[in-house]
Amino acid sequence: MPFYKVSRQWNIKLSEALIAAGYIQSFHDYSLFTKRKGKDFVAVKDLGDLKYFLGIEVLRSKSGILLNQRKYYLQLISDLGLGGAKPVLTPIDLNQKFTSAEFDRHTGVTNDEVLSDTNEYQRLISRLIYLTITRPNIIFAVQTLSQFMQEPKKSHWDTAVRVVRYLKHEPGMGILLGKSNEDSLTYFCDADWASCPNTCRSVTGYLIKFADSLISWKSKKINELDNVEHDVRILDMHSKLLEKYGGFREKIINEMKHFIEERA
């Protein structure tokens, strides 16, 4: 089972165990569990500062907390035999388009053969998907390559390897959750226009920052074929992101308010 699926199953098992033990899961932050006994919080054993969890390193400094997957990435380099490979400057070539094997058959393209072993490609993409937890700079490339899991071609494999080589520039780079007195939420979203040569659909993406810290990001292909409403959907995405994250902090505080007041 791919690493990212293992971590998901582990989270499900942990959540079920905590709920069975009487903990209440937050409606606004699914990683937050609380339990009260009378007027006191139930004591939880302190295992010290988190340093390493499911392939993610947690480093603390005066600037904040850095999350990276350096060890996980170096193991990927070793498994692929790319220790001596030179880094590249970009994850994919500028304006590079990828086509499916079915598209090639219809258009008569024969110079890009289908891989005989799809499992190896699927394993590599699964590991790259897990790396996007702390490396949002590869999420567009990985999202694109993940569309060809069933019948990957040599060009898809070569590009996936290129993404790995791109990460060699800064294997310890990650997400910095910086210390800040600011309480602002900033979000950005954009989309191309019918860039997919296979389906003529657009790819959208967004990222959200709390103060200077990146907290959420995503890239996906829209389902609609009609790109006339492209700009309208971008505006709609803005409003949905604002609705989802705009009152996040306040909702968590209100949810915990009765615990804080009774303990005070």
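Residues numbered from 1 in each chain as written. Predicted model: local features only at pLDDT ≥ 70, side-chain atom pairs only at ≥ 80, totals over all residues. Heavy atoms only, no water.

### Section: the overall build of the protein chain
Step number 1: Counting its secondary structure elements, the protein chain contains eight helices and eleven strands.
Step number 2: Counting all 264 residues of the protein chain, 33% fall into the buried class.
Step number 3: A separation threshold of at least 6 residues defines the contact pool for the protein chain, and within that pool the share at least 24 residues apart is 68%.
Step number 4: Accessible area for the protein chain stands at about 17,000 Å²; split by element, carbon and sulfur atoms hold 55% of it. (Helix = DSSP H or I, 4+ residues; strand = E, 2+ residues; numbered from the N terminus. Buried < 20%, exposed > 50% of the residue type's maximum accessible area, 1.4 Å probe, protein only. Contact = heavy atoms within 4.5 Å. Areas by Shrake-Rupley, 256 points an atom, 1.4 Å probe, with all protein chains shown as cover.)

### Considering the side chain of glutamine 143
Step number 1: Mapped onto the elements of the fold, glutamine 143 is located in helix α5 (residues 139-145).
Step number 2: Taking relative accessible area as the criterion, glutamine 143 reaches 13% and is therefore assigned buried.
Step number 3: Beyond its immediate chain neighbours, meaning those up to four positions away, glutamine 143 contacts Val203, Ser219, Lys220 and Lys221.

### Observations concerning helix α2 (residues 70-80)
Step number 1: Inspection of α2 places Tyr72, Tyr73, Leu76 and Ile77 among the buried residues, and these make up the whole buried set. Seen along its axis, α2 keeps its buried residues to an arc of 145°; they face one direction.
Step number 2: Glycine 81 sits one or two positions beyond α2 and adopts a positive phi of about 70°. (Arc of directions from axis to C-beta.)

### Regarding the pairing of strand β11 (residues 213-221)
Step number 1: In this structure, strand β10 (residues 203-210) lies alongside β11, joined through eight bridges in antiparallel fashion. Looking at β11, one finds that leucine 207 is bridged to tryptophan 217. (Pairing = 2+ DSSP bridges.)

### Structural notes on the sheet that holds β11
Pairing between sheet strands relies on hydrogen bonds along the backbone, with the strands arranged either parallel or antiparallel.
Step number 1: Reading across from one edge, β9-β10-β11 is the order of the three strands in this open sheet, with antiparallel pairing throughout. Each edge of the open sheet is held by one strand with a lone partner, namely β9 (185-191) and β11. Across this sheet, the average inter-strand angle for adjacent strands is 10°, counted without regard to direction. (Axes fitted to C-alpha atoms, helices over the stretch in contact; angles between N-to-C directions.)

### A look at the environment of lysine 221
Step number 1: Checked against the element boundaries, lysine 221 lands in strand β11.
Step number 2: Distance in space between the C-alpha atoms of lysine 221 and arginine 201 is 6.8 Å, their sequence separation being 20 residues.

### Overview of the sheet that holds strand β6 (residues 56-61)
Step number 1: One open sheet holds the four strands; their spatial order is β5-β6-β7-β8, and the pairing between them is antiparallel. Edge positions in the sheet fall to β5 (52-53) and β8 (174-178), since each of these pairs with one other strand and no more.
Step number 2: Inspection of the sheet shows β5 paired to β6 by two bridges, in the antiparallel sense. Following the sheet pairing, tyrosine 52 is matched in β6 by glutamate 57.

### Quick word on the environment of valine 161
Step number 1: Secondary-structure assignment places valine 161 in helix α6 (residues 154-166).
Step number 2: Take valine 161: its relative accessible area is 17%, and that puts it in the buried class.
Step number 3: Each C-alpha atom, one on valine 161 and one on leucine 80, is 8.5 Å from the other, the two residues being 81 residues apart in sequence.
Step number 4: Once residues lying within four places of it in the same chain are set aside, the contact partners of valine 161 are Leu82 and Leu124.

### Section: the pairing of strand β7 (residues 64-68)
On any regular strand, side chains alternate: one points to one face of the sheet, the next to the other face.
Step number 1: Where β6 meets β7, five bridges bridge the pair, whose relative direction is antiparallel. Bridge pairing in β7 places glutamate 57 opposite asparagine 68.
Step number 2: Between β6 and β7, which pair antiparallel in sequence order, lie two residues.
Step number 3: By the bridge criterion, five bridges tie β7 to β8 in an arrangement that is antiparallel. Along β8, the bridge assignment pairs glycine 64 with glycine 178.

### A few points about the pattern of salt bridges
Step number 1: This structure, assessed with the given rule, holds four salt bridges.
Step number 2: Between arginine 127 and aspartate 79 there is a salt bridge whose closest N-O contact spans 3.0 Å. Placement of the pair is arginine 127 in helix α4 (residues 118-131) and aspartate 79 in helix α2, with a sequence separation of 48 residues.
Step number 3: For aspartate 79, a relative accessible area of 45% gives the class partly exposed.
Step number 4: Taking the shortest distance from any N to any O, the salt bridge between lysine 154 and aspartate 158 comes out at 2.9 Å. Placement of the pair is lysine 154 and aspartate 158 together in helix α6, with a separation of four residues, close to one helical turn. (Salt bridge = Lys/Arg side-chain N within 4 Å of Asp/Glu carboxyl O.)

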